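Structural description and commentary
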Amino acid sequence: MSHLIQYTISGIALGSMYGLIALSLALIYKATNTLNFAQGALMVLGAFFIQKISSMPFILAFLIAAAFMVLLMLVIQWAFVAPMMDHLGLPITVMTIGLEIGLLEVARNAVGDSILPLRAPWGSGVVDFAGATLPIASIVSICTALVLIVAFGAWLRYSKWGVVFRSATDRPRVAELFGVRLKAVAALAWAIAGFLTLVPAYFLSTFPAPGVSMSLPGIGLRALPAIIIGGLDSLQGALIGGLMVGMTETYLQGYASDVSFLGSNFHIVGPYLLMFVVLLFRPHGLLGTSEVSRV
Amino acid sequence: MSELLRSGPFRKILAFTGMLVVAWLVPRIVDTSWLFVLTTTLTFAIVMAGFNVLMVGGVLSLGQAFFMAVGGFGYAVLAGEGSGSVSRPVLGFGLPPFVGILGALALCGLVALLFSPVASRLSGLSFAAASLGLVVLGQHILDNVPEISGGIAGVRIPAVGGFGLLFSNPRQNWYLVAGLCAVALAYAHNIVKSRLGLALKAISAGPIFAEVMGVRLRSARRGAVVASAVYAGLGGILLGATTGVLVPDTFGFSLTIEIAAMAIVGGTGSVVLGALIGACILVLIPELLSRYASLLPLVSENQGAASWMAPGSVSAYLYGGVIVAVMIFHPAGLASFLKRFRGSSRRERAGLGESRMTS
């Protein structure tokens, strides 16, 4: 029983991080109809940057790193995405594959084969909760994700730019007629996605993870089934998908001895199998809308 | 006379003879290591042709590496002797190579059929993610069943042969791959021109529109998935026959992504030319750089003070840069670029830039 509680809470912690990654993917998808394959490389670069300046006070270091990520995303948006706004969809997606290959090489040269230690201000302590042992970091990550999601939801719902964003992603052509600049909205989406990428990158490289290493892009990749499960164009779906993937992974890892007949490291495959099952019944994901195209 | 030269059949005969001469000449001109590179290029051209057939239907597949693995390891199991692994005993039925090839291709088609309940419902980026799931699943199976994959060291692939022929040395293997590549590309060209190809084009233009026109959406997509899986499987078998050993790690995430990216850079609007160009870039950039990178300024094998980058880095940057540049400046791919130069067949330019993605 205590195991179940422990796995559930660490599953939610991991899932909320996947949810944030999936959220940034969904944001970019909604604004530019693109699946951003460069996400993994961006995560390592963000984590590497914050590790380099980790001697500063945490808040300052985090803000500078956030500014760096937002700037990086704006540069990518300005230099690579904006010239392609006429070819929304597949060409930009393939372009991000090229970006991933290049940026990943930058990261590989920076990080190398080593694991760069990164220590969070909340340390590596654990608390006992209902007989389960939980890292404080897990609880902090759940709270952070919750705050970010509520803040983002409120921004989307109530602020002026939130309304602009929703109208531009819902009916781009109509919004354009009303004076919304789609390129500005795209830049905004990429910038927010940059910030949202940094948070999971930070949490996934601090305790219980050993530090910043090149395994981060692979972890980021596991948000891909999350966003498909939730539905590519649904922000809530991204979060739900992230939670489902995170919990599936943690349960399969926790009860690995019971599912050993499925082979070692089955927890990596589990989310993809879950995705297959969801797609079999809901081809557009749980909350995705089936696009109505005009004949 | 000039009319005869320009007539269709004459040009076809000329082109066919030209290809035969080139295929005959190549192993006589280049040395063994370059022959290996060119053979690998044609192998990947087959895989990319299958990818392009799917792209005609507006479906982006990231599962090509998985089906290559199914073909390659399937062939190893069917045709292998059982003791042919590198480090440990593996399964092997010892069937004749010819039967092994057919069996492995059938296996690819069968696996694709099993996948099609999921696949035929999806389009665009959802299909991309789902097919990427296949690659993850495939890696998991290969990691956990060393009886098939031979573990980390991989498994030896028996030489291809049949009907008294055995393609065991590099030159014979080149003839085999070149011949099969020509047949496969021509057949892919015909698929696109066939009823299935037309149905796929209609689906790509608009699924509802296609259904109204009487296209059965899911059976057309299923056909494309099976065809592309068989193409990838053939590529996997031939890659194994060329390298002699298949290692499970080869068929992972990066290969599958690079196949997709390079096929699109080559240009999916023209199935044959795009596949050839894409395969050339996929194989040749790393190969050329690993051979000649040290001639470039600021690049050096050893991490000395005067060098900025290792050759591997240059290769990755150039690789990524080519993808980014082609997508920004000519999203329909390089093949349509060449075609515009020749100013011919305007019909076929309806490539990637124009096609709408629905997902």
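Fair warning: this is a prediction, and the values are worked out from it, not measured in the lab.

1. A few points about the overall build of chain A
Tallying secondary structure elements over chain A gives 12 helices and 4 strands in all. Over its C-alpha trace chain A gives a radius of gyration of 19 Å, about what one expects of a compact globule, namely 19 Å for 295 residues. A principal-axis box enclosing the C-alpha atoms of chain A has dimensions of 60 × 50 × 35 Å. Counting every position in chain A, which comprises 295 residues, the buried fraction comes to 55%. Treating the 14 positive side-chain charges of chain A as one cloud and the 11 negative ones as another, the clouds have centres 11 Å apart.

2. Some thoughts on the overall build of chain B
From N to C terminus, chain B includes 15 helices and 4 strands. Here the contacts in chain B between residues at least 6 apart in sequence split such that 76% fall between residues at least 24 apart. For chain B, the accessible surface area stands at approximately 15900 Å², while carbon and sulfur atoms represent 68% of it.

3. Topic: the environment of G138(B)
Mapped onto the elements, G138(B) comes out in helix α6 (residues 124-144). Sequence separation between G138(B) and A112(B) is 26 residues; the distance between their C-alpha atoms is 13 Å.

4. Some details on the packing of helix α8 (residues 170-193) of chain B against helix α13 (residues 271-292) of chain B
Residue and element names in this part refer to chain B. Contact geometry of α8 with α13 gives a least axis separation of 8 Å together with a crossing angle of 135°. By the angle between their axes, α8 is oblique relative to α13. Residues L185, A188, H189 and V192 of α8 pack against V271, V272, A275 and L276 of α13. For the contact of α8 with α13, the residue count by class is 7 nonpolar, 1 polar and no charged.

5. Digging into the pairing of strand β2 (residues 126-129) of chain A
Residue and element names in this part refer to chain A. Judged from the 4 bridges that link them, β2 and strand β3 (residues 132-135) form a sheet pairing that is antiparallel. Along β3, the bridge assignment pairs F129 with A132. In this antiparallel pair of consecutive strands, β2 and β3, the connection spans 2 residues, and A130 shows a positive phi of 50°.

6. A word on the interface of chain A and chain B
Contacts between the two partners involve 46 residues from chain A, matched on the other side by 44 residues from chain B. Carbon and sulfur atoms supply 78% of the area buried between chain A and chain B, which totals about 3800 Å² over both sides. If you sort the residues of chain A by the area they bury against chain B, L90(A), I101(A) and F276(A) come out on top, with a joint share of 16%. Our count for the contact surface shared by chain A and chain B stands at 0 salt bridges. Mapped by element, the contributors of at least two residues to the side of chain A that touches chain B are α3 (58-81), α4 (90-111), α10 (223-230) and α12 (266-281) of chain A. Ranked by residue count, the leading element in the side of chain A that touches chain B is α4(A), at 13 residues. Among the residues making up the side of chain A that touches chain B, the classes are represented as 31 nonpolar, 12 polar and 3 charged.

7. Focus on the pattern of salt bridges
Residue and element names in this part refer to chain A. For the structure on display, the rule yields 3 salt bridges over all chains. We note a salt bridge from R108 to E105, for which the minimum N-O separation is 2.8 Å. Residue R108 and its partner E105 are both found in helix α4; the two are separated by 3 residues, about one turn of the helix. Note that R222 is salt-bridged to E249, the shortest N-O span being 2.6 Å. Of this pair, R222 sits in the loop between α9 (216-221) and α10 while E249 sits in helix α11 (residues 235-254), placing them 27 residues apart in sequence. Overall, R222 belongs to the buried group, its relative accessible area being 16%.

8. Remarks on the packing of helix α5 (residues 136-158) of chain A against helix α8 (residues 182-203) of chain A
Residues and elements named next belong to chain A. Packing of α5 against α8 leaves a shortest axis separation of 10 Å and a crossing angle of 170°. Between α5 and α8, the crossing angle belongs to the class labelled roughly antiparallel. Facing α5, whose interface residues are A137, V140, S141, T144, L148, F152 and W155, α8 presents L188, I192, F195, L196, V199 and F203. Across the contact of α5 with α8, the residue classes tally to 11 nonpolar, 2 polar and no charged.

9. Considerations on unusual backbone geometry
Most peptide bonds adopt trans geometry, and most residues besides glycine take a negative phi value. All names here are of chain A. Positive phi, normally seen in glycine, also occurs at N33, with a value near 55°. Looking at the secondary structure, you find N33 in the loop between α1 (2-32) and α2 (39-52). A positive phi angle, near 60°, is found at N265, a position not held by glycine. With respect to the element layout, N265 can be found in the loop between α11 and α12.

10. What about α13(B)?
All names here are of chain B. In a regular helix each residue adds 1.5 Å, so 22 residues correspond to 32 Å; α13 covers 31 Å between its end C-alpha atoms and thus fits that length. Along α13, the largest kink reaches about 35° and is centred on L284; proline P286 follows within four residues of it. Turning to α13, its buried residues number three or more, namely V271, G274, A275, I277, G278, A279, I281, L282, V283, I285, E287 and L289.

11. Points about the environment of P117(B)
For P117(B), the position within the fold is in helix α5 (residues 97-119). By relative accessible area, P117(B) is classed as partly exposed at 34%. In sequence terms P117(B) and V215(B) are 98 residues apart; their C-alpha atoms lie 18 Å from each other. Those residues in contact with P117(B) that sit more than four places away from it in its chain are L280(A) and R218(B).

12. A short note on the environment of G63(B)
Residues and elements named next belong to chain B. By the secondary structure assignment, G63 is in the loop between α3 (32-56) and α4 (64-79). Residues G63 and A15, spaced 48 residues apart in sequence, show a C-alpha to C-alpha distance of 33 Å. Excluding residues that lie within four positions of it along the chain, G63 makes contacts with S131, V135 and T256.

13. Focus on the confidence of the model for chain B
Residue and element names in this part refer to chain B. Of the residues in chain B, 85% reach a pLDDT of 70 or more, and the chain-wide mean stands at 82. When mean pLDDT is compared element by element in chain B, α4 scores highest at 93, while helix α1 (residues 2-6) scores lowest at 62. Across residues 344-359 the pLDDT falls below 50, and counting only partners more than four positions away or on other chains, this stretch makes 42 contacts in the model. Listed scores for the predicted complex are pTM 0.88 and ipTM 0.88.

14. Regarding the packing of aromatic side chains
Residue and element names in this part refer to chain A. All told, the structure shown has 16 aromatic pairs over all chains when counted by the stated rule. Between F49 and F68, the aromatic rings sit 4.0 Å apart at their centres with planes inclined by 5°, giving stacked as the arrangement. Remark: F68 occurs in helix α3 and F49 occurs in helix α2; sequence separation between them is 19 residues. For F49, a relative accessible area of 23% translates into the label partly exposed.

15. A few points about a nonpolar patch on the surface
On the surface, F93(B), L95(B), F98(B), V99(B) and L102(B) cluster together into a nonpolar patch covering about 450 Å² of accessible area. Mapped onto the fold, L95(B) is located in the loop between α4 and α5.

Reading guide: rules and limits
Residues numbered from 1 in each chain as written. Chains lettered and ligands numbered in written order. Predicted model: local features only at pLDDT ≥ 70, side-chain atom pairs only at ≥ 80, totals over all residues. Heavy atoms only, no water. Helix = DSSP H or I, 4+ residues; strand = E, 2+ residues; numbered from the N terminus. Rg over C-alpha atoms; globule rule 2.2 N^0.38 Å. Buried < 20%, exposed > 50% of the residue type's maximum accessible area, 1.4 Å probe, protein only. Lys, Arg positive; Asp, Glu negative; His and termini not counted. Charge placed at Lys NZ, Arg CZ, Asp CG, Glu CD. Contact = heavy atoms within 4.5 Å. Areas by Shrake-Rupley, 256 points an atom, 1.4 Å probe, with all protein chains shown as cover. Axes fitted to C-alpha atoms, helices over the stretch in contact; angles between N-to-C directions. Parallel < 35°, antiparallel > 145°, perpendicular 65-115°, else oblique. Nonpolar A, V, L, I, M, F, W, Y, C, P; charged D, E, K, R; others polar. Pairing = 2+ DSSP bridges. Buried area = accessible area lost by both parts, 1.4 Å probe. Salt bridge = Lys/Arg side-chain N within 4 Å of Asp/Glu carboxyl O. Expected span 1.5 Å × (residues − 1). Bend = angle between axes of the 7 residues up to and from the residue. pLDDT = per-residue confidence, 0-100. Phe/Tyr/Trp six-rings, centres within 6.5 Å; stacked < 30°, edge-to-face > 60°. Patch = residues over 30% accessible without salt bridge, like charges linked within 9 Å, V, L, I, M, F, W, Y side chains within 5 Å.

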